[in-house]
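In case you want the letters, here they are:
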Amino acid sequence: KDGWMTDSNHCEWFGITCEDGYVTRVDLGGNNLVGQFPVYTRDDPIGNYWLTTKYGLANLYKLVHLDLANNNLTGTIEYAPLYNLQELEEFYISRNNLTGEADALVAPNLYQADFGNNTFTSMRRFEKYKYTVQDKLWWCDASNNKIRQDTNDLLWHMPPKMEHFIASNNNIRGTLPEWQSLNYLKKLREFRMASNYISGELPSFEESYTSLQHLDMSYQKKNGLTGQIPEDLWRTQSFITLNLAGNSLTGTITSLVGDLAVMKEFDLSNNRLIGAIPSEVGMLAGSLKVFNVANNTITGSIPSQLGLLQGASIYLKDNLFYDVNLPAPLSLCTLRAVKAFDLESNPKLCPPQRNALNDFFDEAKGGDWLNASLWQDEYAGYCSWNGVTCDETDHVTKLKLSTNGLSGKLSKSIADLTSLEELDLSNNDMKGPIPADLGLLSNLSYLRLSYNVFTGTAPAGLGDMKRLQLLQLQSNRITGMPNVPSLNDIKHGLSTFVTDCGVPSDFDEALACENCTMCCNAHDDCYPQQETKVSKSGLKDYGAFSGVLAVFFVVFCCMATLLLYVIGRYKDSGTNLTRSTRRRMRLKDDIYALSAIGNDSVYKYFVGDNIFGWIAALSTIGVQIWILTVFIKASEVNLQDDKIDLQFTWKCPRDTDTCENKGDLDGTGWAIFCVLMVAFLAKDLISGAKLIAHSAKHRHSRMSRLRYFVGGICLGWITVFILYVSIIYNKALATSNSDIVVNSVVILFIMEIDEKIFGLLAAINEKWTTHAAESEDLITAAPAAKNDKGNSVDEMKDELEIQKEEIEAQRIEIRMLREAVLDIQEAREPSEASF
């Protein structure tokens with residue numbers, strides 16, 4: 001109210017605009033005005049006469065624009081003083097509390113008049129104004145009042161330039177006049193009289209109304225409009241809005257609806273229309289934004305063309321589409337193009353599982369699939385789509401799309417397939433994380449997502465799937481696994497639970513998976529992850545088992561020795577052997593032991609009492625054990641340790657869920673292995689057993705028996721140990737028959753170290769190998785003969801025979817040593833000559 005009620009120039013007051021000192025515009029809309037409308041007359045006395053004087057706005061003769069809308073003006077309007085406002089063009093008094101009569105002919109040059117949102121009870125008829133036709137009014141709004149008039153009275157003599165006439169939400173009654181009586185309204189573009197009491201049939205439309213764009217006769221009270229929609233109405237191609245909702249119209253929607261090329265809002269809801277929706281509605285794609293025929297008695301199938309209405313809102317509920325055994329078009333239910341569809345959540349017309357499958361299709365880039373048969377068919381049942389299997393209640397139980405060109409991401413809508421039992425998306429190119437919602441599929445028993453590019457951590461819900469019998473996630477980029485309990489492997493065996501838990505890995509560390517049955521590595525080679533017999537026995541690894549095996553071997557040898565000693569004592573209890581006979585038998589035992597072990601092995605030192613020889617023999621066994629421990633460590637089945645030599649010989653193919661061992665090792669290879677073991681180890685094993693057997697003979701001294709026993713234990717254990725290492729190493733590494741031969745020969749070569757060390761000692765000092773292994777009995781044989789003078793002649797003869805045998809044995813050994821020396825000299829002479 002700046003400037004008002006002051007001495008300042010009125011042209012400077014708020015809301016006042018002047019030209020040449022005359023007020024031309026009054027803009028006081030929304031300015032909290034109260035009281036009566038500011039126009040009135042009064043009879044003032046002038047002498048003996050009374051003169052009617054005009055006050056307020058009536059004196060603004062140059063006024064062009066008047067806006068008093070959105071205030072709190074009350075009472076009626078005295079229009080007479082305003083009739084002389086020859087220049088007034090715009091008259092806005094909406095959203096007040098004015099009552100009485102509304103007069104759209106308040107001024108002869110009026111263009112626009114807005115009386116809406118008041119409490120006017122009537123509207124003055126359109127008629128001639130001061131002997132001329134008021135032909136300039138083109139916009140008139142009398143909506144949201146309490147006008148109670150007949151339609152013919154209200155519309156009679158409507159100005160010929162009228163373009164917009166709005167009288168909705170009143171109490172106007174009667175029937176619409178025939179359009180012929182209004183055919184002079186060539187420029188009429190908007191005609192809205194919704195929510196009145198108009199009844200009867202729609203009049204016939206003439207082709208002359210080609211400019212009509214907005215027709216709203218919706219929600220007439222009581223019975224409303226009846227009858228069929230005139231056919232020529234469908235030919236009014238200028239329609240942008242056609243709203244006849246909330247009446248009692250009958251008939252059908254004709255195919256001519258497709259000719260309404262610029263239609264944006266089409267609302268025939270809440271009527272009594274019958275028949276089917278014509279497919280020609282799809283021709284309105286690009287323009288139509290609302291298509292509403294809800295709450296009628298429309299039958300037939302929903303045309304798929306409705307799905308072409310880009311960005312449109314489709315309302316079809318409360319009709320009789322259920323009578324047709326066809327769902328709603330897939331494009332509608334999934335809102336592929338449309339903005340909204342009111343039957344989207346209807347389980348019969350828009351099955352939730354079909355919607356979920358479609359979401360899966362979209363996110364997996366279904367347009368690029370190798371086989372997407374029926375997946376995009378508008379009406380085909382989803383149970384007939386490629387890769388989909390349903391039960392008798394149309395619940396999806398299997399979704400198998402292996403090797404089908406899937407990419408993109410796995411939609412979380414997959415969790416809506418609550419009855420899903422088998423999901424196979426292997427050998428595709430799906431990316432991103434596996435959605436956590438997958439863990440909600442409590443009925444899932446078969447999950448195969450291998451050979452994709454899934455990333456992140458597998459869903460924690462996998463550990464809650466009680467019915468899961470197969471889980472294959474190998475050859476992905478998964479970096480974490482939840483704690484999935486052991487799965488029932490009765491059906492799928494070692495192929496039950498497969499992940500990338502093998503080495504080498506694409507990551508710094510292989511995937512940790514405690515309960516996996518098969519681990520694959522970065523080369524797609526796999527190996528079963530299962531408890532070995534060693535781990536089942538409670539031992540940590542092969543190394544621990546070898547210690548237990550050694551203890552068991554020693555205990556066994558002790559028991560065998562004790563048993564043999566008792567048996568020997570029992571057999572010899574009834575015989576009296578002379579000392580010479582015992583000595584001769586001891587000598588034969590020594591010679592036999594030496595011949596069994598061999599003259600070119602450090603193990604022969606076990607027969608004698610030379611400390612140096614024993615050190616050499618024991619050191620040799622220590623070296624052999626040390627070397628064999630390297631092979632034991634390499635044989636350990638720790639699939640996450642990249643330091644092992646374990647060969648991943650299994651394959652879990654892309655085209656099947658069964659993992660197979662691709663190694664060529666068969667029974668033939670193991671038969672060859674047995675032959676090699678017997679050929680190379682039997683001699684030493686027997687030699688060790690004989691030494692242990694000698695240790696049980698009571699004719700030997702305690703020291704001799706101890707030497708025999710320790711020597712036999714060492715020789716026998718190293719032989720058994722080599723056999724044990726050969727078995728576990730070949731089980732871990734051998735992939736073919738030739739591999740088992742090569743591996744066995746490498747390990748058996750370790751058995752020959754005793755001979756190589758013996759040769760090394762001979763090369764260093766020949767005396768070490770000449771005298772180190774002489775038997776104690778051989779050394780002491782002669783002195784023992786001299787001490788037996790009291791013996792009888794027969795005993796002396798026996799002793800002479802023994803001495804002869806001893807001398808002969810020594811001669812044989814000396815001759816063998818000479819021949820060895822000559823061989824060495826002969827070998828040296830050619831080299832010296834050439835030198």
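To be clear, the structure that these remarks concern was listed above.
Computed from a prediction, not measured in an experiment: that's the story for all the values here. (Residues numbered from 1 in each chain as written. Predicted model: local features only at pLDDT ≥ 70, side-chain atom pairs only at ≥ 80, totals over all residues. Heavy atoms only, no water.)

Any chance you could explain the overall build of the protein chain here in plain terms?
What the protein chain contains, in helices and strands, is 14 helices and 39 strands. The 835 residues of the protein chain split such that 47% are buried. When contacts within the protein chain are restricted to residue pairs at least 6 apart in sequence, those whose partners lie at least 24 apart make up 61%. When the accessible surface of the protein chain is summed, it comes to about 40900 Å², and 54% of that surface belongs to carbon and sulfur atoms. (Helix = DSSP H or I, 4+ residues; strand = E, 2+ residues; numbered from the N terminus. Buried < 20%, exposed > 50% of the residue type's maximum accessible area, 1.4 Å probe, protein only. Contact = heavy atoms within 4.5 Å. Areas by Shrake-Rupley, 256 points an atom, 1.4 Å probe, with all protein chains shown as cover.)

Can you help me understand helix α10 (residues 737–751) in this one?
Counting along an α-helix, one turn takes 3.6 residues, and residues three or four places apart therefore face a common direction. For α10, built from 15 residues, the straight-helix expectation of 21 Å at 1.5 Å per residue is met to within 8% by its first-to-last C-alpha distance of 22 Å. Considered for burial, the residues of α10 that qualify are Ile740, Asn743, Ser744, Ile747, Leu748, Ile750 and Met751. Axial view of α10: buried residues confined to an arc of 130 degrees, hence all on one face. For α10, the secondary structure elements touched by its buried residues are α7 (611–635), α8 (667–695), α9 (702–733) and α11 (753–764). (Expected span 1.5 Å × (residues − 1). Arc of directions from axis to C-beta.)

Please clarify how the pattern of salt bridges should be interpreted in this entry.
Pairing of side chains with opposite charge becomes possible as their charged atoms draw close. The tally for this structure, following the rule as stated, stands at 14 salt bridges. Asp27 is paired through a salt bridge with Arg25; the nearest N and O atoms lie 3.3 Å apart. Note on Asp27: relative accessible area 28%, which makes it partly exposed. Overall, Arg25 belongs to the partly exposed group, its relative accessible area being 32%. A salt bridge links Asp525 to Lys651, with the shortest nitrogen-to-oxygen separation between them at 2.7 Å. Highlighted residues: Asp525 in the loop between β36 (518–520) and β37 (526–528) and Lys651 in strand β38 (residues 650–651), separated in sequence by 126 residues. (Salt bridge = Lys/Arg side-chain N within 4 Å of Asp/Glu carboxyl O.)

Whenever I open this one, the sheet that holds strand β3 (residues 34–36) confuses me. Can you help?
Backbone hydrogen bonds are what pair the strands of a sheet, in a parallel or an antiparallel way. Read across the open sheet, the four strands follow the order β3-β7-β9-β11; overall the sheet is parallel. Pairing within the sheet leaves two strands with one partner each, and these edge strands are β3 and β11 (119–123). Pairwise comparison of adjacent strand axes, ignoring direction, gives a mean angle of 25 degrees for this sheet. With three bridges joining them, β3 and strand β7 (residues 72–75) adopt parallel strand pairing. (Pairing = 2+ DSSP bridges. Axes fitted to C-alpha atoms, helices over the stretch in contact; angles between N-to-C directions.)

Before we go on, may I ask you to explain the sheet that holds strand β18 (residues 197–201) in this structure?
Spatially, β16-β18-β20-β22 is the arrangement adopted by the four strands of the open sheet, whose pairing is parallel. Of all strands in the sheet, those with a lone pairing partner are β16 (173–175) and β22 (248–250), marking the two edges. Across the sheet, the mean angle from the axis of one strand to that of its neighbour is 10 degrees, orientation sign disregarded. Where β16 and β18 come together, three bridges link them in parallel fashion. Residue pairing for β18: Arg173 is matched across the bridge by Tyr197.

What am I meant to see in a nonpolar patch on the surface here?
Nonpolar side chains collect at one region of the surface, where Val551, Val555 and Met559 lie side by side and expose about 290 Å² of accessible area between them. Topologically, Val555 is positioned in helix α5 (residues 542–572). (Patch = residues over 30% accessible without salt bridge, like charges linked within 9 Å, V, L, I, M, F, W, Y side chains within 5 Å.)

Teacher, can you tell me more about the packing of α9 against α10 here?
Geometry of a packed helix pair, given as the angle between the helix axes and the separation of the axes. Interhelical geometry of α9 versus α10 gives an angle of 155 degrees and a closest axis separation of 10 Å. The angle between α9 and α10 places the two elements in the roughly antiparallel class. Between α9 and α10 the crossing geometry is right-handed. Side by side, α9 and α10 meet where Ile718, Thr719, Ile722, Val725, Ser726, Tyr729, Asn730 and Leu733 of the first sit next to Asp739, Ile740, Asn743, Ser744, Ile747, Leu748 and Met751 of the second. Residues that form the contact of α9 with α10 fall into these classes: nine nonpolar, five polar and one charged. (Parallel < 35°, antiparallel > 145°, perpendicular 65-115°, else oblique. Left-handed = near helix turned anticlockwise from the far one by under 90°. Nonpolar A, V, L, I, M, F, W, Y, C, P; charged D, E, K, R; others polar.)

Looking at this structure, I do not really get the pairing of strand β20 (residues 225–228). What am I missing?
Two faces make up the sheet, and in a regular strand the side chains alternate between them. As paired elements, β18 and β20 share two bridges and run parallel to each other. Each bridged residue has a counterpart across the sheet, and for Glu201 the counterpart in β20 is Thr226. Sheet topology places β20 next to β22; three bridges connect them, and they run parallel. Within β22, the residue paired with Gly227 across the bridge is Leu249.

Help me out: how do you make sense of the state of the cysteines in this one?
Disulfides are covalent bonds that link the sulfur atoms of two cysteine residues. All chains considered together, the criterion is met by seven disulfides. Across the disulfide from Cys383 sits Cys390; the S-S distance is 2.1 Å. Looking down the S-S bond of the Cys383 and Cys390 bridge, the torsion is -100 degrees, so its handedness is left-handed. With a relative accessible area of 26%, Cys383 lands in the partly exposed category. Between Cys513 and Cys516 runs a disulfide, and the two sulfur atoms are separated by 1.9 Å. Every disulfide takes its handedness from the sign of the S-S torsion; for Cys513 and Cys516 that torsion is 85 degrees, giving right-handed. (Disulfide = S-S within 2.5 Å.)

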